[in-house]
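The chain contents come next:
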Amino acid sequence: MAIVHFSSNLSQYTGGLETVSIEASRVGELLRALEQRFPDLSGHLESVAVAIDGVIYNDATYQSIPPDSEIHLLPPVSGG
Amino acid sequence: MLSIRYEAPRSIAEAIHLLASDPGAHVLAGGTDLLVQFRAGAKQPSAFIDVKRIPDLVGISLDTNGLRLGAATPAAAICEHAELGRLWPGLVEAVHLIGSAQIQGRGSVGGNLCNASPAADTTSALIADRAECVIAGPGGERVVPAERFCTGPGTTILRRDELLVAVVLPRPPARTADAYFRLIPRSEMDIAVAGAGASVTLDASGTCTAARVAVGAVAPTALLVDAAGQALIGTRLDEATLSLAAAAASAAARPISDKRGTAAYRRHVVGVLAKRAIVSAAARARER
Amino acid sequence: MSARTYRYIGTRPIRHDGLDKVTGRANYGADFTLPGLLQGVVVRSPHAHARIVSIETQAAEAVPGVKAVITGKDIPETSARLALGAEGAFDLHDIGDNLMAHGKALYEGHAVAAVAATSIDAAREAAKLVRVVYEPLEPVMSIERAIAPDAPILHADMVTKGRPLPGTTGPTNIAGRMELKRGDVDQAFAGADVVVEREFRTSTVHQGYIEPHACVARSGEDGQILVWCSTQGGFIARDFCALILGIDAARIKVIPSEIGGGFGGKIPVYLEPVAIVLSHKAGRPVKMVMSRSEVFRASGPTSGTRIRMKLGAKRDGTIVAAQASLWYEAGAYRGSPSGAGAMCCLASYAIPNFFVEAHDVVVNKPKVAAYRAPGSPMATFATESLVDEVARAIGMDPIELRLKNAVAEGDHAPYGPVYGPIGLKQVLEAARAHPHWSAPLGPSQGRGVACGFWFNAGLSSSATVTLNGDGSAGVVTGNPDIGGTRVAQAMMVAEELGIPVERVRPSVADTDTAGYTDLTGGSRVCYATGMAVIRAAQDIAEQLRSRAATIWNVDRDRVAWEPGRPGRVIALDESPDGSVRPPLTIVELASKMAQTGGPIVGRAAVNAPMAGPGFAAHICDLDVDKETGRSTVARYTAIQDVGKAVHPSFVEGQMQGGAAQGIGWALNEEYIYDADGVMENAGFLDYRMPVASDLPMIDTVLVEVANPLHPYGVRGVGEVPIVPPLAAVANAMRDATGVRFTELPLSPSRVLEGLGTIAKG
Ligand SMILES: Cc1cc2nc3c(=O)[nH]c(=O)nc-3n(C[C@H](O)[C@H](O)[C@H](O)COP(=O)(O)OP(=O)(O)OC[C@H]3O[C@@H](n4cnc5c(N)ncnc54)[C@H](O)[C@@H]3O)c2cc1C
């Protein structure tokens, strides 16, 4: 089970829940599972960056999620 | 299509004739103001009258009476002139502040004066040094003190068909020296937020017998601050006297607030600069 | 990995593009020309905020030599979005409207029409004859005004994205809001021994790249489009043009020129789509070059900000609570880096309780673009000023205080994820040990220190390495070279293949030639594109193994690549006659390419995760003339965790350049507007960036904590160095004067106002 942490911006769509355990082996799967569980989240996960145990991925739909990972969903940042 | 005449007269008379016959003609010395203004669309001359080929306008001549500086002499020639730097270190400092090496290769003291920016660096130094401007026109020559040359931002007493030929400076008497300070937020390539020039004469005992203080960028034109000079005469330039002179310089200022500094700032800082210029000029005078 | 010894990485070879650049031979955006070239000029709004009632172009079209005039009508209004790992996706509707106003001019300088003519004079004359009727509206020039209940609304359809303040439904000028929180802030402040709180302000500032935006576009009768331009990414420029104009990406070829600086400002497009439309209409190629004034007024500076922040600490120096309210000006369209500011501002410290809210506010100024660590410098200015206050309040050395609270591997970033190996503690220790920190100060001097953080991006990159018959090689990527990335890439190929750097020719290719590659930005090129380059070189090595196996007629797994100088393939077994096979060097194998199967081309592509944080600490000595308020940087040292410095000179150059820009931001740079919202200082004379003689030689210390995501340990280095200077300078000012300045820039008049010498003007 991965533990997903929601930022304050996202927890407004999870009924205030800040963390949730989700069974998913890849990022895309995880995001779908989250949207299923929290329908209000849909539309808000399109461009998120996903941090898996501290490593931040962009466009990582097929990135695998090791068991017991710590997941954070972030607004993407690139820079100047 | 844009078309502009370029003329390079060889004599003052020829230059005056060209100016008189074309109301849209502009004198071109180094062009470091004029060409910038032209490119920005601020000035649209019908002709450039390049005065650098007129022998009377270019050159430095020094004799027992003093200095005659051709109006179009490039700043670099002034900075490289050892004797000028010894006699008028403040004026040469002011000239040396203009732009960069490239700008000084072309820009002139005449151009600095005639462009009539309130912030022009050499103008305050020239005023402090009792400079006079030699002007030629169809009716001959006239001479006016530097402090009366500019009449407002961008305007001078020159008539359309007149030319600034030279500035002349009396040779400084014994124990006399000058200094010029300006304030810019950066170290170079900037326009003075305020500036101050001073010339100080001391007697053998160190008492001030003559002094002139001029300030720039704090009024529509550079100003001779009589009250500041007067405050120094008869004193040994003690701290209290210096503060009085600084206060006089600040009081004479009629600054505006703009992108380069607030009026309050300019009024204050011009006093600081005046004081520093006086102190520096006096230190030099003592060494003579 | 740390045990690896390098042959070329960490050396300082001459950059391949160096001679061309110092001799003026290199071709920049404005250097390109074509037969039949037209000159394009943009007509810009003189009003900061105005409804466009009508535009008449007949008089302009009648000017001899004029071949095309276009207005907003010619730029389609698209709803497309381009996701590129920036702050959310790029909203192409906004970029299109920014290219040319459709209904409203939203800042002074906003493009409203454009002209192409056979000469620049004709184009300028025609531009003056484009008659635009405006209905001026009240300009919204500050955050205060933008959020006032009776403020004019810039965009009638704007609602707050993210986590809106309760009760704000819109329309509003608050384009976005974000929250970050941890723990219980109120309780933590109640238990703190020291609480410091202040409000900070920074001005709109510009990147100030030396080369103005410039391009040439040619739209052919066959619908094929060529664009030469100065950009931070050929592909992003291509995709912007394609999506905004509704054209297939395959029909546009972007050829990036050499680039004279960008710092984020050359990520957006301002001229390219306009030039394409003009060229299409005129049937001839069109060149457009911005003036410096246009660059200031109509490209993308970064946000002016207003930040309220509060820190609470224990007497032993432990920071226990932080609270911040960030307000960033976005300019005319949503998209300030306020969110990044929120994520960065507490990233250096392990603070158990915090609440940060960040607001993105539209005002009638040019739409902001990225600027080196976008969003971080301003918010960090607030944090690092307050950390300095805490140190003073409890009487602790400011570096000790920072060390006590500094984040380390295993701590969680304020934006969530756990930190991997990071180097802040090592950086602070290096700062403390540096002779600068203990050097005596002059009588009018003060010393300040500050830290900074930046994420460092990853994203997509491709690379191709081609082996030549003589054993030299070429490496082709799609990243315009801003900071010396070409030589770094050549060094990586040299390292992997064991051939001298001078025998590797690095090229920046156009969008038809290189594989897709994201922009040069986010400090990503040496890391992410470098990763692709290393893999492409390794691909060559793999192919060389096969070629050697062919020559020896053995199985491929019986040969091995042996790094060396030069790199070589060795046989693991003796030859059938029992003799030892001499190794085949890359040079020998290259000479036999045709016989062994044809050309050898290595390629690789990556979508790299973010490189992982970079941290820096800067020490600044400021000499303050208390009579005039003028200050001079007397000494400056930048210390940074750079992961692994591939070419230390360019890493040092990045650190010095970032510091110089940050010092300018702190001391004198600001957009100055008149009461009508017209910019008053749109030039380098009065927009006071530092000149060379303003700064001392900036000393650098490279700390190398390897990034585990990269084969050499590279992490981004280009952006972090602009983050600490704002507070390092302000803290030095505090030290020199005894006064805490909370508003930048620290221009001479502001300093005298702060010292109480003169009244506020
Ligand atoms: C990058 C840069 C930096 C600068 N820095 C400074 C600075 O630090 N301090 C400063 O004071 N100025 C500065 N300037 C302004 C300029 O260089 C000086 O004012 C210079 O002295 C002008 O001299 P010029 O010979 O180039 O004048 P020009 O541009 O040739 O002429 C200026 C004006 O005077 C008129 N004129 C010139 N000569 C005569 C004459 N003999 N008779 C009648 N009219 C005449 C011209 O018609 C024109 O209107 C700077 C300019 C630049 C471009």
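Only a predicted model underlies this, so the values are computations on that prediction, with no experimental measurement involved.

Thresholds applied
- Residues numbered from 1 in each chain as written.
- Chains lettered and ligands numbered in written order.
- Predicted model: local features only at pLDDT ≥ 70, side-chain atom pairs only at ≥ 80, totals over all residues.
- Heavy atoms only, no water.
- Phe/Tyr/Trp six-rings, centres within 6.5 Å; stacked < 30°, edge-to-face > 60°.
- Buried < 20%, exposed > 50% of the residue type's maximum accessible area, 1.4 Å probe, protein only.
- Helix = DSSP H or I, 4+ residues; strand = E, 2+ residues; numbered from the N terminus.
- Pairing = 2+ DSSP bridges.
- Contact = heavy atoms within 4.5 Å.
- Buried area = accessible area lost by both parts, 1.4 Å probe.
- Salt bridge = Lys/Arg side-chain N within 4 Å of Asp/Glu carboxyl O.
- Nonpolar A, V, L, I, M, F, W, Y, C, P; charged D, E, K, R; others polar.
- Near = heavy atom within 4 Å.
- Polar contact = N/O pair within 3.5 Å; in protein donor to acceptor, adjacent residues only side chain to side chain.
- Areas by Shrake-Rupley, 256 points an atom, 1.4 Å probe, with all protein chains shown as cover.
- Axes fitted to C-alpha atoms, helices over the stretch in contact; angles between N-to-C directions.
- Core = buried A, V, L, I, M, F, W, Y, C linked by side-chain atoms within 4.5 Å.
- Domains from an automatic or database assignment.
- 1 Å grid on protein atoms, 1.4 Å probe; cavity = no way out; pocket = protein on both sides within 12 Å on 5 of 7 lines; lining within 4 Å.
- Points joined across faces, edges and corners; volume = space filled by probe spheres on them.
- Left-handed = near helix turned anticlockwise from the far one by under 90°.

(A) Region of interest: the packing of aromatic side chains. Residues and elements named next belong to chain C. Per the counting criterion, the structure on display carries 18 aromatic pairs over all chains. Seen from their ring centres, Tyr671 and Tyr673 are 6.1 Å apart, and the 45 degrees between their planes marks the pair as tilted. Each of the two residues, Tyr671 as well as Tyr673, counts as buried. Members of the aromatic cluster, joined through ring pairs, are Tyr415, Tyr419, Phe453, Trp454, Phe455 and Phe615.

(B) Region of interest: the pairing of strand S23 (residues 559–562) of chain C. Residues and elements named next belong to chain C. Here S23 shows a buried face lined by Val559 and Trp561 and an unburied face lined by Ala560 and Glu562. For S23 and strand S24 (residues 568–571), the ladder comprises 4 bridges, and the chain directions are antiparallel. Of the residues in S24, the one forming a bridge with Trp561 is Val569. Where S23 hands over to S24, the hairpin turn is made up of 5 residues, counted between the paired strands.

(C) Fine view of the interface of chain B and chain C. If you look at the interface, chain B gives 21 residues, while chain C gives 27 residues. Buried surface at the junction of chain B and chain C, summed over both partners, amounts to about 2,200 Å²; 53% is from carbon and sulfur atoms. When the buried area of chain B at its contact with chain C is split by residue, B:Pro185, B:Arg186 and B:Lys259 rank highest and sum to 32% of it. If you look at where chain B meets chain C, you find 5 salt bridges. In this structure, the salt-bridge partner of B:Arg276 is C:Asp625, at a minimum N-O distance of 2.7 Å. Considering only residue class, the side of chain B that touches chain C consists of 12 nonpolar, 3 polar and 6 charged.

(D) Region of interest: the site of the ligand. Residues and elements named next belong to chain B. By nearness alone, 30 residues border the ligand, and Val27, Thr32, Asp33, Ser108 and Asp121 come closest of all. Contact distances for the ligand include 2.8 Å between an oxygen atom and a side-chain N or O atom of Asn112. Protein coverage of the free-state accessible area of the ligand, which is 980 Å², stands at 88%. Within the residue set of the shell around the ligand, elements represented by two or more residues are strand S2 (25–28), helix H7 (109–115) and strand S10 (163–170).

(E) Geometry of the sheet that holds strand S13 (residues 208–216) of chain B. Residues and elements named next belong to chain B. If you walk across this open sheet you meet the 4 strands as S11-S12-S13-S14, and the pairing is antiparallel. The sheet is open, and its two borders are formed by strand S11 (176–183) and strand S14 (223–224), each paired with just one other strand. Direction of pairing for S11 relative to strand S12 (residues 194–202): antiparallel, over a ladder of 8 bridges. Among the inter-strand pairings, Thr176 is bridged to a residue of S12, identified as Thr201. Across the sheet, helix H8 (residues 121–128) touches S11, S12, S13 and S14, and the angle it forms with S13 is around 160 degrees.

(F) Main features of the sheet that holds strand S22 (residues 504–508) of chain C. Residues and elements named next belong to chain C. Strand order across the open sheet formed by 4 strands is S22-S21-S20-S26, with mixed pairing between neighbours. Strand pairing shows two members of the sheet lacking a second neighbour, S22 and strand S26 (601–608), which therefore form its edges. In this sheet, neighbouring strand axes are inclined to one another by 15 degrees on average, regardless of whether the strands run parallel or antiparallel. Here strand S20 (residues 459–467) pairs with strand S21 (residues 473–477) via 4 bridges, running antiparallel. The partner of Thr464 across the bridge, within S21, is Val476. Against the sheet, helix H15 (residues 485–497) makes contact with S20, S21 and S22, and its axis sits at roughly 140 degrees relative to S22, the strand it touches most. Taken strand by strand, helix H16 (residues 525–552) contacts S20, S21 and S26, and its axis lies near 145 degrees from that of S26.

(G) Region of interest: the nonpolar core. All names here are of chain C. Core analysis: the biggest nonpolar cluster contains 105 residues, and Ile307, Leu326, Val356, Tyr415, Tyr419, Phe455 and Leu746 have the highest contact counts within it. Per-element tally for this core: the top contributor is helix H11 (residues 376–394), with 9 residues. Ignoring any residue separated from it by four or fewer positions in sequence, one finds Leu746 in contact with Ala666, Leu667, Val729, Ala730, Met733, Phe741 and Val751.

(H) Representation of the interface of chain C and chain A. Between chain C and chain A, the residue contacts involve 38 residues of the former and 24 residues of the latter. Here chain C and chain A share an interface that buries about 2,300 Å² over both sides, 59% of which is from carbon and sulfur atoms. There are 0 salt bridges connecting chain C and chain A. Where chain C meets chain A, there are 12 residue pairs in polar contact (both at pLDDT 80 or more). With 4 residues, strand S10 (residues 174–182) of chain C is the largest single contributor of residues to the side of chain C that touches chain A. Of the residues that constitute the side of chain C that touches chain A, the class distribution is 20 nonpolar, 11 polar and 7 charged.

(I) Representation of the domain arrangement of chain C. Residues and elements named next belong to chain C. Taken domain by domain, chain C consists of domain 1 (18–24 + 458–608), domain 2 (32–137 + 211–260 + 266–298) and domain 3 (305–403 + 424–456 + 613–754). A separation of 40 Å is found between the C-alpha centroids of domain 1 and domain 2. Listed as interface residues are 20 residues of domain 1 and, on the opposing side, 18 residues of domain 2. Buried surface at the junction of domain 1 and domain 2, both sides included, amounts to about 1,500 Å², of which 64% is carbon and sulfur. Along the contact surface separating domain 1 from domain 2 lie 2 salt bridges.

(J) Looking closely at the pattern of salt bridges. Residues and elements named next belong to chain C. Counting across every chain of the model gives 63 salt bridges over all chains. Across the salt bridge formed by Arg486 and Glu258, the nearest N and O atoms sit 2.8 Å from each other. Placement of the pair is Arg486 in helix H15 and Glu258 in the loop between strand S14 (252–256) and helix H8 (272–282), with a sequence separation of 228 residues. For the residue pair Arg486 and Glu258, the accessibility class agrees, reading buried in each case. In this structure, a network of salt bridges that share partners links the residues Arg15, Asp17, Lys21, Glu258, Asp481 and Arg486.

(K) Structural context of empty space enclosed by the protein. All names here are of chain C. All told, the structure shown has 5 cavities of 30 Å³ or more when counted by the stated rule. By volume, the largest cavity amounts to about 80 Å³. Lining the largest cavity are Val42, Arg44, Asn98, Leu99, Met100, Tyr107, Ala111, Tyr270, Leu271, Val274, Met290 and Ala298. Where the lining of the largest cavity is concerned, the elements lending two or more residues are strand S1 (38–44) and helix H3 (92–99). Broken down by class, the residue content of the lining of the largest cavity amounts to 10 nonpolar, 1 polar and 1 charged.

(L) Summary view of the packing of H11(C) against helix H20 (residues 725–737) of chain C. Residue and element names in this part refer to chain C. With their axes 8 Å apart at the nearest point, H11 and H20 run at an angle of 35 degrees to one another. For the crossing formed where H11 meets H20, the hand is right-handed. For the pair formed by H11 and H20, the contact residues are Pro377, Met378, Thr380, Phe381, Glu384, Ser385, Asp388, Glu389 and Arg392 on the first element and Leu726, Ala727, Ala730, Asn731, Arg734 and Asp735 on the second. Its residues placed into classes, the contact of H11 with H20 shows 6 nonpolar, 3 polar and 6 charged.

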